[in-house]
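A structural walkthrough
Okay, here's what each chain looks like letter by letter:
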Amino acid sequence: MNNTLLQRISIDTNICHGKPCIRGLRYPVEFILELLSAGMSIEDILADYDDLEREDILAVLLFAARLSQVKSIHKIA
């Protein structure tokens, strides 16, 4: 299931400057995360953006979770 969800996230240098997006639809992962962190529910997002599916939002959350699974963080500045 996880790999299937992650396949919904695409990275294409010709779309959104190479940022991870949902299925090439020009919805960057960061945008959906911002909506969720602002308090929108999955249902709210789906109501506002007709071309998104529930699995797209779950894929964004899984992608973000995978990015946070680093072994250590180093201060660079």
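Reading the values: the criteria
- Residues numbered from 1 in each chain as written.
- Predicted model: local features only at pLDDT ≥ 70, side-chain atom pairs only at ≥ 80, totals over all residues.
- Heavy atoms only, no water.
- Helix = DSSP H or I, 4+ residues; strand = E, 2+ residues; numbered from the N terminus.
- Buried < 20%, exposed > 50% of the residue type's maximum accessible area, 1.4 Å probe, protein only.
- Contact = heavy atoms within 4.5 Å.
- Salt bridge = Lys/Arg side-chain N within 4 Å of Asp/Glu carboxyl O.

Along the chain, the position of glycine 24 falls in the loop between strand S2 (21-22) and helix H2 (29-37). Using a relative accessible area of 27% as the deciding quantity, one classes glycine 24 as partly exposed. As a C-alpha pair, glycine 24 and threonine 13 span 11 residues in sequence and 11 Å in three-dimensional space. Apart from residues no more than four positions distant in its own chain, glycine 24 is found in contact with Ser10 and Ile15.

This brings us to the pattern of salt bridges. Counted under the stated rule, the structure contains five salt bridges. Notably, a salt bridge pairs glutamate 30 with lysine 19, separated by 3.2 Å at the nearest N-O pair. Pair noted here: glutamate 30 is in helix H2 and lysine 19 is in the loop between strand S1 (9-10) and S2, with a separation of 11 residues, a long-range link. Relative accessible area serves as the criterion here: at 38%, glutamate 30 is assigned to the partly exposed category. Close ionic contact of aspartate 56 with arginine 23 constitutes a salt bridge, the shortest N to O distance being 2.7 Å. In this pair, aspartate 56 sits in helix H4 (residues 54-67) while arginine 23 sits in the loop between S2 and H2, placing the two residues 33 residues apart along the sequence. On the basis of relative accessibility, which here comes to 34%, the residue arginine 23 falls in the partly exposed class. Here the salt bridges share partners, and the residues they tie into one network are Arg8, Arg23, Glu53 and Asp56.

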